[in-house]
Amino acid sequence: WYQRRVRQHYYITNNLRGCMSGIVDVIKDGLARYYWVPFLAMRGTLTVWSCLTSPFYRPEEQEVGRVSELFVHPIRALRPVKITGPWKLNPHGFLYDKGMCLLFKDSNERLKHTANGYEALFAINVSLVDNFTKVLLTHANKPNLLIDLVEFKKMENYEVETDPKGNEYCHVGDKASDWISDILGKEVRLMFSPETTQKGEDMIIQSLDPVHIIGESSLVAFSKDAGWDVEMERFRPNIVSVGHGAYADETWQEIKIGDTVLEFDHRTTRCLITNVNWDGVRTNGTIQTLRKHRPRCEKTNKPVFGSYFAVKQSGYVKPGDKIVLVKSRTV
């Protein structure tokens, strides 16, 4: 009985060894012929895992700069107002920014101060008073004009008009329009862009442009190309940023400032407006340097300088706020 058990043991062991040897030979032969299969399987596994986890992955946010100066333009084509404290950023842009403009009375087209003969507009000073509820316009040869922004509350008090491009406006009033027309020497009307609130009862002035950001280092680099100190005012930004390299704002896809979130919209195309500063001094050097040293927009072929950002999350922004990069983009 013992000898029979020993023979069975050796028989089974030898068969197992033969099977294992055969399996090993098959594996060796397969690896020799199809050595790339394990690597392909590993790559496929990693790809599937990446697709499944990518929605939950967020790269580490990093500070890329801070807000140095903050400006709003209550009346388009007039001087901006420098903001020193927290300022409301609405879904359409900064509160009151470019919410009012001047339309020619005869054609209803918007006035642009790039045209010769309108230098008188630069003599009008603009400020926000009474807890930022009123716009004060001052001129050396005219009594002060006060525009009460709180009055723009009830839509039924105003008639909505459209310009040749289809933009909707309401007339601020004859008093304000006549005041500016006397200075300009041409009949214009001061208009504001209406926006109803969610309740549908009140009305506010709507910002027509997204947030315009230019880096101070970008201006320094451009001034070197131009060969003279170009003023930032020629480019009319909302936010002047510091603490980063030249033209870094063009590589930001999504950023956080204070409790707001901004998303890149488009690079700012430049025109003849850059040839004029707020003293009314005109020079052709700015636009010529832009055309020579800066990239061009594919659609308009105009040079670009600065970036516009759409508001993804509204809130408040103030000078000194950190600019945090959430997502970058390639230019």
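Residues numbered from 1 in each chain as written. Predicted model: local features only at pLDDT ≥ 70, side-chain atom pairs only at ≥ 80, totals over all residues. Heavy atoms only, no water.

Student: If you had to explain the pairing of strand 7 (residues 134–139) to someone new, which residues and values would you point to?
Tutor: Two elements, strand 6 (residues 125–129) and strand 7, share five bridges in a ladder whose sense is antiparallel. From the neighbouring strand, Val 129 faces strand 7, where its bridge partner is Lys 134. The antiparallel hairpin formed by strand 6 and strand 7 contains four residues in its connecting segment, where Asp 130 sits at a positive phi of about 50°. Where strand 7 lies against strand 8 (residues 142–148), five bridges are found, and the strand directions are antiparallel. If you follow Val 135 over to strand 8, its bridge partner there is Ile 147. The turn linking strand 7 back onto strand 8 is made up of two residues. (Pairing = 2+ DSSP bridges. Helix = DSSP H or I, 4+ residues; strand = E, 2+ residues; numbered from the N terminus.)

Student: Could you give an account of the side chain of Ser 181, naming the residues involved and the relevant values?
Tutor: For Ser 181, the location among the structural elements is in helix 3 (residues 174–184). Given the relative accessible area of 10%, Ser 181 is considered buried. In this structure the side chain of Ser 181 is engaged in a polar contact, spanning 2.8 Å, whose partner is the backbone oxygen of Ser 177. For Ser 181, the side chain forms a polar contact with the main-chain nitrogen of Val 188, separated by 3.0 Å. Look past the residues within four positions of Ser 181 in its chain and what remains in contact with it is Lys 186, Glu 187 and Val 188. (Buried < 20%, exposed > 50% of the residue type's maximum accessible area, 1.4 Å probe, protein only. Polar contact = N/O pair within 3.5 Å; in protein donor to acceptor, adjacent residues only side chain to side chain. Contact = heavy atoms within 4.5 Å.)

Student: An account of the pattern of salt bridges is requested, with residue identities and associated values reported.
Tutor: The final tally for this structure, using the stated rule, is twelve salt bridges. Glu 63 is paired through a salt bridge with Lys 322; the nearest N and O atoms lie 3.9 Å apart. Of this pair, Glu 63 sits in strand 1 (residues 62–72) while Lys 322 sits in strand 20 (residues 322–328), and the two are 259 residues apart along the sequence. Given a relative accessible area of 48%, Glu 63 falls into the partly exposed group. (Salt bridge = Lys/Arg side-chain N within 4 Å of Asp/Glu carboxyl O.)

Student: With reference to specific residues and values, describe the packing of aromatic side chains.
Tutor: Under the counting rule described, the total for this entry stands at seven aromatic pairs. Taken together through their ring pairs, the aromatic side chains of Phe 222, Phe 235, Tyr 247 and Phe 305 make up a single cluster. The positively charged end of Arg 294 is found above the aromatic ring belonging to Tyr 247, 3.9 Å away from the centroid. For the cation-ring pair, Arg 329 lies above Phe 264, with the distance from its terminal atom to the ring centre recorded as 3.9 Å. (Phe/Tyr/Trp six-rings, centres within 6.5 Å; stacked < 30°, edge-to-face > 60°. Lys NZ or Arg CZ within 6 Å of the ring centre and 35° of its normal.)

Student: Give me the lowdown on the confidence of the model for the protein chain, citing residues and values where you can.
Tutor: Across the protein chain, the average pLDDT comes to 83, with 79% of residues at or above 70. The low-confidence segment residues 197–202 (pLDDT under 50) makes eight contacts with residues lying over four places distant or belonging to another chain. (pLDDT = per-residue confidence, 0-100.)

Student: Any chance you could break down the sheet that holds strand 7 for me, citing the residues and the numbers?
Tutor: Strands belonging to one sheet form pairs held by backbone hydrogen bonds; the direction of such a pair is parallel or antiparallel. Spatially, the three strands line up as an open sheet ordered 6-7-8, and their pairing is antiparallel. Each edge of the open sheet carries a strand with a single partner, namely strand 6 and strand 8. Strand-to-strand twist of the sheet, defined as the mean angle between neighbouring strand axes without regard to direction, takes the value 20°. (Axes fitted to C-alpha atoms, helices over the stretch in contact; angles between N-to-C directions.)

Student: I'd like to hear about the layout of surface pockets, residue by residue, with values.
Tutor: Here the largest pocket defines a volume of roughly 890 Å³. Looking at which element gives the most residues to the lining of the largest pocket, the answer is strand 17 (residues 260–269), with four residues. For the lining of the largest pocket, the class distribution of residues is twelve nonpolar, nine polar and eleven charged. Within this model, the second largest pocket holds a volume of roughly 240 Å³. Every residue along the wall of the second largest pocket is listed here: Phe 264, His 266, Arg 267, Thr 269, Arg 296, Cys 297, Glu 298, Lys 299, Val 304 and Arg 329. The residue inventory of the lining of the second largest pocket, partitioned by class, reads three nonpolar, two polar and five charged. (1 Å grid on protein atoms, 1.4 Å probe; cavity = no way out; pocket = protein on both sides within 12 Å on 5 of 7 lines; lining within 4 Å. Points joined across faces, edges and corners; volume = space filled by probe spheres on them. Nonpolar A, V, L, I, M, F, W, Y, C, P; charged D, E, K, R; others polar.)

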